[in-house]
Amino acid sequence: MLSIKNLQVSVEEKPILKGLNLEVKPGEIHAIMGPNGSGKSTLAHVLSGREGYSVDAGSAHYKGLNLLEMAPEIRAREGMFLAFQYPIEIPGVNNTSFLKKALNEIRKHRGEEELDAIDFLSLIKKQMKLVEMKEELLKRPVNQGFSGGEKKRNEILQMAVLNPTLAILDETDSGLDIDALRIVAGGVNKLRSADNSFVVITHYQRLLDYIIPDFVHVLSDGQIIKSGTKDLALELEERGYDWLIEEAESKD
Amino acid sequence: MAHTTNNFSEWVNLQLDSDSSFAVSEAVRSPSLSKLAGGVFPTRKDEEWRYTPLGDLLDSSPGRDTTVVLDHEYIESLKQAMPSAHTIVFLNGEYSQKYSDSPTALEDSGLNISPLGQLEGTALKLAEDTILNSTLTDDNIFQHIALGLSQNGLFIEVNKNIEGQTPIHVIYISTAHGVTAFTSPVNVIRVSSNSHLKVVEQYASLGEAAVITVPASYVQLEDGAGLDYYKIGIENARTNHICNTSVRVAGSGTFRSHQYLLGSNLTRSNLEVSFTGPGAEAILRGVYLGDENQHLDVRTYLDHAHPHCSSDQHFRGILNGHSRGVFNGLVLVQEHAQKTDAQQSNKNLLLSRDARVDTKPQLEIFADDVKCAHGATVGELDSDALFYLQSRGIDKKDATLMLTRAFAAEVTQEIDIDSLQTYVQDKISASLDEIVIPSV
Ligand SMILES: Nc1ncnc2c1ncn2[C@@H]1O[C@H](COP(=O)(O)OP(=O)(O)O)[C@@H](O)[C@H]1O
Ligand SMILES: [Mg+2]
C-alpha cells in the first residue's frame, strides 16, 4: 500500500526528515507518535504533495506508484486522503459544493459516473450522522466560522464521503473533548476494512484506546526510533518520550 | 492641465457647431460647450489622471456607423440579466423603440420614464435642475462632453410612496464598423419620498472598430427614498468608457450601488455621493475584472455633509495578464457630520506577475464623534487554500477558478435580484475560465 524508504526532506535548507522508513500493508492501522517538532506533519504534507518541501533522498510509493512525482490532486484521486492538523478556512466556497466537486473528480478518475445533486445529498446526509455534524454546517463556506471540533469533524466527514484507500490523520484528536474523540474514532472504525489503511498521527495515547493500531512508531528528530505494538503507546503514556530518545542516542 | 491638440479634441470642436438635436437644452449645454471649446483634456501629468491611459481615446476621430446589424439573439442574451424588468434599449446613443418595452406598460404605475430628448415642460425642468444641482466639478471635462454632445439619455422619475415597482433595465449598445463609435448618454433618475426603485444600466459594444462611451448620470433621492443602482459593463476590448455619476441622497434615503466592470479596454468610473440630510445611507459595491492590457479604474467620493449618515464601500479587483486596476476612494466627513459611520474596503487579487493595482482609500475627517475605517489589500491566491482543494482531488486550474470566483462572490452574493446575480456570476466565471491558465 505505502512504502517509504530512507525519506529525507528539508524545508528551506533545514533537514526535517532524516531517513524515514515505513511499510503499510492493506488493512493495517499505523500510529505515529512523537514529540512536537519531530516531523510528523512534514511527513503527512510530503505524502500528500504540498509544495515547499525538498525531497533530498529516498522514495515513497503508494500502490506501486511513485508518489513524489504525482500532483496532489492525482494522489487524492488515487485514494489518498489527509485529515489536516489545521484545516483551512475557505471563504466563499460552499462546503457542500466543494465536497461534491471533490467526490465527482475522484469518481471521474475511477471511471465512475458523477453523482447528481440528489444522490450526493443523500450520501452526505448519511455520512453526517456518522460524525454527528450539524446539517447547518453544510451550507457554510468550507470551515469558516467552524469551532475547532467542528473543523475536525468536517475532516472526518470528507474522509467518509471520499472513502479513501489510505487515510493519513494528522493529530485529528488534538483539541477534541472525549465525546468528539469518540465520534472521530467511530468514523475511522466504520471505514476500516481489509482494503483500507490508516496512518494515525497523534500526540496522545488516548485516541488509541478507540482506534486500535496494528503498529505504533515513534518519530523523533526526523527518524522512526522505535516501532512496536499498541503496548508501546501505553508505555509512552507512562514514561514519556525522553527515555526512548536517550536510548536511541546512546545507540548512535 | 496642458493644452494639447489631438484627434479627439479636434473632433469635439467640430461637434460644437452641429445642428443635430441634443439631450439637454441650450441653457444647460452652453457652459459645457464653452469648456469644450477650450479643448483641454487631462494628461498623465495631472495627478488625478496619472494612472489612466487616455491615449487610445484621444487618438480617435469618431464617425457614424451606418451599417448597424443587430440580431435578435444578441439582444435576448443581454436581456437575460433581467428577464422580468421593463427594458429600454439605446442603440448608438438613440432610443430604440423597436427593442424597448412600450412605455404604456408603465401607465398608472407612478413611474415616469422617457428619453431625455423627448421631455418637455415641468419634467424637462426637473431633469435639468437635477443636472445643475450635481456634485460634479466644473473641471470634470468628461461630464462636459456628455452634457455638451449627448443626443439622448433616459429620464426616470418615481412618484411618492411607490414600492415594489418593476425594475428598469437600460441597455446601451454601441456598434462600430469601420469607424469609431461615440455615445454620451445623459441619464437622470429621481426617486420621490418613500419610494423605492431598482435600475440596471448595462453597457455593451459590438464590431471591429473602437468605441467611446462617455455617460453622465444624475441621481436624486428625496427623503426616505431608496434606489438600487446597478451598472454592468461588458463592452468589448476596443471600448473606452469614462463615466460620471453624481448622487444626492436626502435624509433617511438609501442609495445602493453595484458596479461590475467586466469588459472594455479602459473603464474609468467616477461615482460621487453626497448626503443632503441626516440619517441617509449609501452602500457601494463593485468588482473589476481585468486581463491582458485592460485598465479598470474605480473612483468614489462620499460627502458626509450631515450627521447620522452611514456609508459602506466594498470593492474587489481581480487582475490577470498585464491589466491594471485603480481604486481611489475618498470619504469626506464634514465638521458637523457627527455620528457618521463610514466604512471602506478594497481587496485585490493579482493572478499574474505583470498585473498591477494602485489602491488609495482615503478618509478626511473633520468631525470628532464618528466611526470610520478603511482598508486595502493586494494579494495572491492563498496557497494553503489551493493545496487544501487539491488534496481533495480538485486540480489546480479548477481550484484557482473556485477560489477566484469565491473572491468575487463575496461581493456578487449581495446582488439581490436573482437573475442578475446569476448573470454577473456567470459572466465572471466565463471570463475566469478563459484567463485562468494552470500555472504548473
Ligand atoms: N514551512 C516551514 N518552514 C520552516 N520550518 C518548518 C516549516 N514547517 C515545519 N518546519 C519545522 O520542521 C520541524 C517539524 O515540524 P512538523 O512536521 O510540523 O512537526 P510535528 O508535526 O511533528 O510537530 C519543526 O522544527 C518545524 O519548525
Ligand atoms: Mg504537526
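Further up the page is the structure itself.
Residues numbered from 1 in each chain as written. Chains lettered and ligands numbered in written order. Predicted model: local features only at pLDDT ≥ 70, side-chain atom pairs only at ≥ 80, totals over all residues. Heavy atoms only, no water.

Caption draft 1: Fine view of the overall build of chain B. A count of helices and strands for chain B gives 9 helices and 21 strands. Relative to its length of 440 residues, chain B is compact, with a C-alpha radius of gyration of 21 Å against a globular reference of 22 Å. If you line up chain B on its principal axes, its C-alpha atoms span 65 × 55 × 50 Å. With 440 residues in all, chain B has 61% of them scored as buried. Residue pairs at least 24 apart in sequence account for 85% of intrachain contacts in chain B once pairs closer than 6 positions are excluded. Looking at chain B as shown, the accessible area adds up to about 17000 Å², and 47% of this sits on carbon and sulfur atoms. Charge separation in chain B, taken as the distance between the mean sites of 32 positive and 56 negative side-chain charges, equals 5 Å. (Helix = DSSP H or I, 4+ residues; strand = E, 2+ residues; numbered from the N terminus. Rg over C-alpha atoms; globule rule 2.2 N^0.38 Å. Buried < 20%, exposed > 50% of the residue type's maximum accessible area, 1.4 Å probe, protein only. Contact = heavy atoms within 4.5 Å. Areas by Shrake-Rupley, 256 points an atom, 1.4 Å probe, with all protein chains shown as cover. Lys, Arg positive; Asp, Glu negative; His and termini not counted. Charge placed at Lys NZ, Arg CZ, Asp CG, Glu CD.)

Caption draft 2: Focus on unusual backbone geometry. Residues and elements named next belong to chain B. Phi is positive for Ser-264, close to 80°, though the residue is something other than glycine. As for its position among the elements, Ser-264 is in the loop between strand 13 (254–261) and strand 14 (266–275). Even without a glycine there, the phi angle at Glu-292 is positive, about 50°. Note on placement: Glu-292 falls in the loop between strand 15 (281–290) and strand 16 (295–304). Residue Glu-292 is classed as exposed on the basis of its relative accessible area, which comes to 56%.

Caption draft 3: Focus on the coordination of the magnesium ion (ligand 2). Residue and element names in this part refer to chain A. Ligation of the magnesium ion (ligand 2) by protein atoms is provided by Ser-41 (OG) and Gln-85 (OE1), these donors lying 2.1 to 2.2 Å from the ion. Placement of Ser-41 in helix 1 (residues 40–48) and of Gln-85 in the loop between strand 6 (80–83) and strand 7 (90–94) is noted, with a sequence separation of 44 residues between them. Of the two residues, Ser-41 and Gln-85, both sit in the buried class. (Donors = N, O, S within 2.8 Å, 3.2 Å for Na, K, Ca; no water.)

Caption draft 4: Up close: the packing of aromatic side chains. All names here are of chain B. Enumeration according to the criterion identifies 14 aromatic pairs over all chains in this entry. Centre to centre, the rings of Trp-49 and Phe-142 are 5.5 Å apart; their planes meet at 40°, and the pair counts as tilted. In this pair, Trp-49 is assigned in the loop between helix 2 (26–37) and helix 3 (55–58) and Phe-142 in helix 6 (residues 141–149), connecting sequence segments 93 residues apart. The same class applies to Trp-49 and to Phe-142, which are both buried. Each member of the aromatic cluster is reached from another via a ring pair, and the members are Phe-8, Trp-11, Phe-41, Trp-49, Phe-142 and Phe-182. (Phe/Tyr/Trp six-rings, centres within 6.5 Å; stacked < 30°, edge-to-face > 60°.)

Caption draft 5: Spotlight on the site of ligand 1. Residues and elements named next belong to chain A. Taken together, Val-11, Lys-14, Ile-16, Pro-35, Asn-36, Gly-37, Ser-38, Gly-39, Lys-40, Ser-41 and Thr-42 are the residues near ligand 1. Here an oxygen atom of ligand 1 and a backbone polar atom of Ser-38 are 3.3 Å apart. Within the complex, the protein chains bury 64% of what would otherwise be the 560 Å² of accessible surface of ligand 1. Elements with a minimum of two residues in the shell around ligand 1: strand 2 (14–24) and helix 1. The greatest single-element share of the shell around ligand 1, amounting to 3 residues, is contributed by helix 1. In terms of residue class, the shell around ligand 1 is built from 3 nonpolar, 6 polar and 2 charged. (Near = heavy atom within 4 Å. Polar contact = N/O pair within 3.5 Å; in protein donor to acceptor, adjacent residues only side chain to side chain. Nonpolar A, V, L, I, M, F, W, Y, C, P; charged D, E, K, R; others polar.)

Caption draft 6: The interface of chain A and chain B, seen in detail. With 28 residues of chain A at the interface, the matching set in chain B holds 18 residues. Between chain A and chain B, a total of about 1900 Å² is buried, with carbon and sulfur atoms accounting for 65% of that surface. Where chain A packs against chain B, one counts 4 salt bridges. Between Arg50(A) and Asp384(B) there is a salt bridge, and its shortest N-O distance comes to 2.5 Å. (Buried area = accessible area lost by both parts, 1.4 Å probe. Salt bridge = Lys/Arg side-chain N within 4 Å of Asp/Glu carboxyl O.)

Caption draft 7: How the structure looks around the sheet that holds strand 12 (residues 223–228) of chain A. All names here are of chain A. Across the sheet, which stays open at both edges, the 6 strands sit in the order 6-9-10-3-11-12 with mixed pairing between neighbours. Of all strands in the sheet, those with a lone pairing partner are strand 6 and strand 12, marking the two edges. Going across the sheet, the axis of each strand differs from the next one's by a mean of 20°, ignoring polarity. Bridging between strand 9 (residues 166–170) and strand 10 (residues 197–201) involves 5 bridges; their strand directions are parallel. Within strand 10, the residue paired with Ala-167 across the bridge is Phe-198. Packing of helix 8 (residues 242–251) onto the sheet brings it into contact with strand 11 (215–220) and strand 12, and relative to strand 12 it is tilted by some 115°. (Pairing = 2+ DSSP bridges. Axes fitted to C-alpha atoms, helices over the stretch in contact; angles between N-to-C directions.)

Caption draft 8: Local environment of the environment of Ile171(B). All names here are of chain B. With respect to the helices and strands, the residue Ile-171 is situated in strand 5 (residues 168–175). Ile-171 sits 30 residues away from Glu-201 along the chain, and the two C-alpha atoms are 6.0 Å apart. Each residue touching Ile-171, except ones within four places of it in the same chain, is listed here: Leu-78, Lys-79, Thr-87, Ile-88, Val-89, Phe-90 and Gln-202.

Caption draft 9: Quick look at helix 2 of chain B. Residue and element names in this part refer to chain B. Within helix 2, burial applies to Val-28, Arg-29, Ser-32, Leu-33 and Leu-36. End-on, the buried residues of helix 2 take up no more than an arc of 125°, which puts them together on one face. Of the exposed residues in helix 2, those oriented more than 90 degrees away from the buried face are Ala-27 and Ser-34. On its buried side, helix 2 packs onto helix 1 (7–15), helix 5 (121–132) and helix 6. (Arc of directions from axis to C-beta.)

Caption draft 10: Main features of the pattern of salt bridges. Inspection of every chain in the model, using the stated rule, returns 36 salt bridges over all chains. Across the pair Glu155(A) and Arg392(B) runs a salt bridge, and its minimum N-O distance is 2.8 Å. Residue Glu155(A) is found in helix 5 (residues 148–162), and its partner Arg392(B) is found in the loop between helix 7 (383–390) and helix 8 (396–412); the two belong to separate chains. For the pair formed by Glu155(A) and Arg392(B), the shared burial category is buried. Residues participating in the shared-partner salt-bridge network are Arg77(A), Lys101(A), Glu105(A), Lys108(A) and Asp398(B).

Caption draft 11: Region of interest: the sheet that holds strand 8 (residues 196–206) of chain B. Residue and element names in this part refer to chain B. Pairing is mixed in the open sheet, where 10 strands are placed in the order 2-1-5-8-11-13-15-17-19-21. Since the sheet does not close on itself, it has two edges, and those belong to strand 2 (94–96) and strand 21 (371–379), each with one partner. On average, adjacent strands in this sheet sit at an angle of 10° to one another, irrespective of strand direction. As paired strands, strand 19 (residues 341–350) and strand 21 are joined by 9 bridges and run parallel to one another. The residue of strand 21 that forms the bridge with Gln-343 is Ala-373. Against the sheet, helix 9 (residues 418–435) engages strand 8, strand 11 (226–233), strand 13, strand 15 and strand 17 (310–319), with an angle of about 30° to strand 15.

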